Number of protein chains: 2
Amino acid sequence: MTFLNEVSHRYPKAISFAAGRPYEGFFAIEDVHRYIERYCAYLKEERGFSDAEVRRALFQYGRTKGIIHELIARNLELDEAIRVDPESVVVTVGCQEAMVTVLRALRTDERDVLMMVSPSYVGITGAARLVDMRVATVVSGDRGVDFESLDAVIRETRENGLRPRALYVVPDYSNPTGQTLSEEDRRRLLHRSRAEGFLILEDNPYGLFHGVLERQRTIKALDRDRRVVYLGSFAKTGLPGARVGYVVADQIVTGGVEGTQLLADQLAKIKSMVTVNTSPIAQAVVAGRLLENDCSLVEANRRETALYQDNMRCVQAALERHFADIPGVSWNRPDGGLFIVVDLPFAARDDELEHCAQDHDVIWTPMAHFGSDKRSQRQIRLSVSQLSNAEIDLGVERLRSFVDERSGSTE
Amino acid sequence: MTFLNEVSHRYPKAISFAAGRPYEGFFAIEDVHRYIERYCAYLKEERGFSDAEVRRALFQYGRTKGIIHELIARNLELDEAIRVDPESVVVTVGCQEAMVTVLRALRTDERDVLMMVSPSYVGITGAARLVDMRVATVVSGDRGVDFESLDAVIRETRENGLRPRALYVVPDYSNPTGQTLSEEDRRRLLHRSRAEGFLILEDNPYGLFHGVLERQRTIKALDRDRRVVYLGSFAKTGLPGARVGYVVADQIVTGGVEGTQLLADQLAKIKSMVTVNTSPIAQAVVAGRLLENDCSLVEANRRETALYQDNMRCVQAALERHFADIPGVSWNRPDGGLFIVVDLPFAARDDELEHCAQDHDVIWTPMAHFGSDKRSQRQIRLSVSQLSNAEIDLGVERLRSFVDERSGSTE
């Protein structure tokens with residue numbers, strides 16, 4: 001991602017479809033103060049804390065698993081139909097630390113393998129590298145997960161004397177592909193997970209930014225056998241600057257030195273070695289946003305969701321206008337989320353991005369950053385979260401001029 | 001530490017010398033708001049940020065190495081006579097993440113060894129376990145580092161085909177021993193580091209809480225050859241709830257895929273896989289405290305330093321009063337910091353702590369938590385940070401009744 005930041009920095013006048021960051025027009029510094037005060041009021045009024053106890057909760061070291069687990073459990077029940085014991089929630093420093101702790105727990109030795117749908121979010125690749133865990137990629141295909149590819153990966157992994165421990169998947173409006181799994185495929189994944197004995201790591205940062213269609217139920221909501229470890233983020237639905245995420249790990253772990261325990265408690269032990277605990281001040285900011293909206297992030301994000309929907313429609317319309325007649329150019333049509341993938345008739349990697357930023361004043365993300373397969377080398381990801389309608393129209397027009405030039409030069 | 005928390009929880013009326021947390025009587029929620037506003041004002045007035053840029057700085061993802069590196073560099077020059085390029089500072093989620101990223105960078109394969117002075121802070125042991133790094137312990141002895149032991153460890157490590165990569169040390173008022181290295185020994189460590197090719201990981205959370213003696217210069221301030229990686233924490237001098245620490249890594253790394261780069265930049269890459277970046281809101285809280293004190297934490301902690309000095313005197317006086325005539329009981333006399341170590345004439349591990357908490361209403365930390373050597377099994381650590389003078393007097397009196405009972409029963 002460093003290269004992308006550099007390009008954005010070098011060409012400040014270019015229109016950027018690159019950043020996957022949330023829309024920032026609704027941010028206000030006063031919110032931070034109000035959120036913190038709201039959480040303090042909650043501790044006093046609903047939890048019976050004294051003033052000294054409130055100060056201690058915010059200023060001192062705190063519970064390793066976090067202090068806003070009950071609010072997160074309430075939110076999951078309300079927005080995601082996921083019912084979990086708050087004790088199975090571990091609050092983490094962003095979703096990244098959640099991934100790191102989960103993978104560190106699952107990697108018992110060099111034979112443990114993480115399967116991930118590819119192209120894939122770079123954070124999970126980084127977490128696997130950090131803990132020295134082997135990775136095997138499953139083709140996403142047209143449905144989000146290619147089951148033939150999944151079965152082949154499981155078989156080959158076993159044949160090589162390795163263990164398929166878990167499958168990482170973003171089932172809703174995936175980053176980078178924008179794809180969403182059908183309910184049928186979600187149930188099929190659960191079935192495979194039971195039959196083959198691997199866990200599903202469900203990462204859901206974008207689920208509530210749906211479009212006109214009804215939202216799919218999360219895999220965790222369909223899960224009756226604790227097959228799913230659920231990874232949560234407040235970066236897109238709360239605010240990135242709090243760096244608060246969480247993991248729901250209600251699995252029962254047996255046979256360790258600790259005896260029988262919740263996976264969440266095993267993760268807490270690992271987390272204590274990574275960051276000790278998540279800043280209670282940062283947790284208070286997120287908690288205040290939850291409390292102001294009766295713990296519903298759907299409610300809290302009404303404006304953002306409408307804006308992303310509108311931008312998604314706008315990008316689709318502009319692509320239709322500028323590219324309907326261009327051979328070799330196609331794109332997918334996600335119902336929600338922040339990302340669209342465009343197939344181009346030529347390679348579109350870092351070199352081409354640099355050229356496009358310089359000569360055509362528009363920036364995008366090469367899919368080659370997320371996957372090494374052949375198709376990804378000719379794909380680009382457009383993010384819809386940061387731009388106005390006028391910028392989108394102009395940006396897609398510029399993209400067209402870039403495609404015209406390249407198609408001409410390669411023919 | 002979980003066991004300690006449990007004991008404290010089960011015996012709430014016991015006087016606790018266990019927790020190494022900072023004094024909390026000066027905490028006020030309003031400070032958090034004022035600190036954040038102060039940092040925002042600094043961004044606008046001194047750095048020329050627009051309102052939108054200030055909001056972006058606090059709310060969005062940010063620079064991996066952090067956004068308050070210049071203030072930290074200013075603080076280090078002012079309080080510690082350490083002059084570093086702000087680019088060599090990486091802001092981390094507490095000092096724990098600093099340790100994790102440094103060890104992850106130093107452990108290139110299973111032959112790399114971390115040497116640590118023992119008894120040692122548990123955080124570094126945890127970080128080493130997390131990244132699967134071998135550990136070799138060096139005896140602390142009466143001076144803080146036993147150089148015969150250090151030389152033997154280096155020799156044996158090499159003989160076993162392993163590499164001594166770094167030595168972890170807390171040279172000022174160490175946790176748990178309360179020991180401080182002389183300037184002569186600091187220079188000797190630098191000499192060994194150069195001669196033997198290992199780095200010094202200097203951790204300094206308590207240095208500015210000195211007593212009547214003048215402060216020693218940090219090893220980093222004496223370092224002319226970038227032998228020292230300096231680990232910083234704001235947990236004791238700022239506030240624990242911000243979870244902000246940092247590492248100064250001005251070493252030049254060559255030969256990697258990235259070519260020649262600062263160790264700080266290699267650490268940033270690792271950090272991006274651990275937590276992406278440190279919450280800018282949490283950084284703003286720490287920055288505000290720095291800015292309110294012209295970047296001097298010595299200034300910011302005048303009240304705390306006086307209180308810890310007073311408590312340290314008070315514990316020493318009470319020990320003198322109650323134990324001067326007891327054979328087999330002795331203690332060290334740190335000039336500053338938060339910790340005193342008491343030698344007892346019998347084993348003092350978790351069982352004995354539980355009994356002491358239940359029957360004598362006083363809690364301490366078994367040194368067995370920090371070291372596995374024989375002497376540690378009969379030592380306890382007393383923390384002076386949290387108690388009033390009256391509580392200290394009563395607590396030491398109760399400790400005497402516990403010692404009387406145990407000494408009687410074992411004779």
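This structure is a prediction, so every number in the text was calculated from the model and none was measured.

A. Broad picture of the overall build of chain A. Helices and strands together make up the secondary structure of chain A, namely 15 helices and 15 strands. Here the C-alpha atoms of chain A give a radius of gyration of 22 Å, agreeing with the 22 Å that 2.2 N^0.38 yields for 411 residues. A principal-axis box enclosing the C-alpha atoms of chain A has dimensions of 70 × 55 × 35 Å. Across the 411 residues in chain A, those meeting the buried criterion constitute 53%. In chain A, 74% of the contacts between residues at least 6 apart in sequence involve partners at least 24 apart.

B. Region of interest: the packing of helix α5 (residues 94-106) of chain B against helix α10 (residues 263-274) of chain B. Residue and element names in this part refer to chain B. One can describe the packing of α5 onto α10 by two numbers: an axis separation of 9 Å at closest approach and a directional angle of 115°. It follows from the interaxial angle that α5 and α10 lie roughly perpendicular. The handedness of the crossing between α5 and α10 comes out as right-handed. Mapping the contact onto sequence places Glu97, Val100, Thr101, Val102, Arg104 and Ala105 in α5 and Leu263, Gln266, Leu267, Ile270, Lys271 and Val274 in α10. Looking at the contact of α5 with α10, its residues break down into seven nonpolar, two polar and three charged.

C. Broad picture of the interface of chain A and chain B. Facing the 43 residues of chain A at the interface are 43 residues of chain B. Mapped by element, the contributors of at least two residues to the side of chain A that touches chain B are α2 (29-45), α3 (51-59), α5 (94-106), α6 (122-130), α10 (263-274) and α11 (280-292) of chain A. For the side of chain A that touches chain B, the residue count by class is 24 nonpolar, eleven polar and eight charged.

D. Summary view of the pairing of strand β8 (residues 244-248) of chain B. Residue and element names in this part refer to chain B. Within β8, five of the five residues are buried, leaving the element largely enclosed by the surrounding structure. Because side chains alternate across β8, one face comprises the buried residues Val244, Tyr246 and Val248, and the other comprises Gly245 and Val247, equally buried. Here strand β2 (residues 89-93) pairs with β8 via five bridges, running antiparallel. Looking at the pairing, Val90 lines up with Val247 of β8.

E. Broad picture of α10(B). Residues and elements named next belong to chain B. With twelve residues, α10 ought to run about 16 Å at 1.5 Å a step, and its terminal C-alpha atoms sit 17 Å apart, in line with that. Within α10, ten of the twelve residues are buried, leaving the element largely enclosed by the surrounding structure. Just downstream of α10 lies Val276, where phi reads positive at about 70°.

F. Focus on the relation of the copies chain A and chain B. In screw terms, the move from chain A to chain B is a rotation of 180° and a rise of 0.0 Å along the axis, fitting with an RMSD of 0.0 Å. Given the turn and translation reported, the copies of this chain are related as if by a two-fold rotation axis. Of all interface residues in chain A, 100% are interface residues in chain B too; the two copies therefore contact each other through one and the same surface.

G. Spatial organisation of α6(A). Taken together, the buried positions of α6(A) are Gly123(A), Ile124(A), Thr125(A), Ala127(A), Ala128(A) and Leu130(A). Summarising the contacts, the buried residues of α6(A) are in contact with α5, β3 (112-118), β4 (134-139) and β5 (163-169) of chain A together with α5 and α10 of chain B. With its phi angle positive at about 55°, Asp132(A) sits one or two positions after the end of α6(A).

H. Geometry of unusual backbone geometry. Residue Pro176(A) is reached from Asn175(A) by a cis peptide bond, and omega for that bond is 15°. Here Pro176(A) is to be found in the loop between β5 and α8 (183-196). Even without glycine at this site, Ala81(B) takes up a positive phi of about 55°. Secondary-structure assignment places Ala81(B) in the loop between α4 (69-80) and β2.

I. Local environment of the sheet that holds β8(B). Residue and element names in this part refer to chain B. Spatial strand order, β2-β8-β7-β6-β5-β3-β4: seven strands in an open sheet with mixed pairing. Only two strands of the sheet have a single neighbouring strand rather than two, namely β2 and β4 (134-139). Strand-to-strand twist of the sheet, defined as the mean angle between neighbouring strand axes without regard to direction, takes the value 25°.

J. Quick peek at the nonpolar core. Ranked by internal contacts, the top residues of the largest apolar core, which has 170 residues, are Val247(A) and Val247(B). When near neighbours in sequence (up to four residues on either side) are disregarded, Val247(A) contacts Val90(A), Thr92(A), Ala98(A), Thr101(A), Val102(A), Val229(A), Tyr230(A), Leu231(A) and Leu267(A).

K. Structural detail: the domain arrangement of chain A. Residue and element names in this part refer to chain A. Here chain A is partitioned into domain 1 (2-20 + 301-410) and domain 2 (29-299). Of note, the centres of domain 1 and domain 2, computed from C-alpha atoms alone, are 29 Å apart. Between domain 1 and domain 2, the residue contacts involve 23 residues of the former and 21 residues of the latter. Where the side of domain 1 that touches domain 2 is concerned, the elements lending two or more residues are α13 (302-323) and β12 (339-343). With five residues, the top contributor of residues to the side of domain 1 that touches domain 2 is α13. When grouped by side-chain class, the residues that make up the side of domain 1 that touches domain 2 number nine nonpolar, ten polar and four charged.

L. Quick peek at the sheet that holds strand β14 (residues 365-366) of chain B. All names here are of chain B. Ordered in space as β11-β12-β15-β14, the four strands form an open sheet in which the pairing is antiparallel. Strands at the two margins of the open sheet, each flanked by one partner only, are β11 (330-331) and β14. Relative to strand β12 (residues 339-343), β11 runs antiparallel, the two being bridged by two bridges. Paired with Trp331 across the two strands is Val342, which belongs to β12.

M. Representation of the pairing of β3(A). Residue and element names in this part refer to chain A. Where burial is concerned, most of β3 is hidden: six out of the seven residues are buried. One ladder, built from five bridges, connects β3 with β5; its direction is parallel. Paired with Asp112 across the two strands is Arg163, which belongs to β5. Two strands pair when backbone bridges link them, and β3 and β4 are joined in this way by six bridges, in the parallel orientation. Residue pairing in the sheet places Val117 in a bridge with Val138 of β4. In this view, the connection linking β3 to its parallel neighbour β4 by way of α6 has right-handed handedness.

N. Focus on the packing of α6(A) against α10(B). The N-to-C vectors of α6(A) and α10(B) enclose an angle of 110°; their axes lie 8 Å apart at closest approach. What the angle tells us is that α6(A) and α10(B) run roughly perpendicular. In this structure, α6(A) meets α10(B) at a crossing whose hand is left-handed. Of the residues in α10(B), those in contact with Gly126(A), Ala127(A), Arg129(A) and Leu130(A) of α6(A) are Ile270(B), Ser272(B), Met273(B) and Val274(B).

O. Seen up close, the environment of Asp85(B). Residues and elements named next belong to chain B. As for its position among the elements, Asp85 is in the loop between α4 and β2. By C-beta crowding, Asp85 is classed as exposed, having 12 other C-beta atoms within 10 Å. Once the C-alpha coordinates of Asp85 and Val248 are considered, the two residues, 163 residues apart in sequence, prove to be 9.1 Å apart.

The rules behind these values
Residues numbered from 1 in each chain as written. Chains lettered and ligands numbered in written order. Predicted model: local features only at pLDDT ≥ 70, side-chain atom pairs only at ≥ 80, totals over all residues. Helix = DSSP H or I, 4+ residues; strand = E, 2+ residues; numbered from the N terminus. Rg over C-alpha atoms; globule rule 2.2 N^0.38 Å. Buried ≥ 20, exposed ≤ 12 C-beta atoms within 10 Å, placed from the backbone. Contact = placed C-beta atoms within 7 Å. Axes fitted to C-alpha atoms, helices over the stretch in contact; angles between N-to-C directions. Parallel < 35°, antiparallel > 145°, perpendicular 65-115°, else oblique. Left-handed = near helix turned anticlockwise from the far one by under 90°. Nonpolar A, V, L, I, M, F, W, Y, C, P; charged D, E, K, R; others polar. Pairing = 2+ DSSP bridges. Expected span 1.5 Å × (residues − 1). Least-squares fit on C-alpha atoms with pLDDT ≥ 70 in both. Core = buried A, V, L, I, M, F, W, Y, C linked by C-beta atoms within 7 Å. Domains from an automatic or database assignment. Right-handed = clockwise from strand over helix to strand, strands pointing away.

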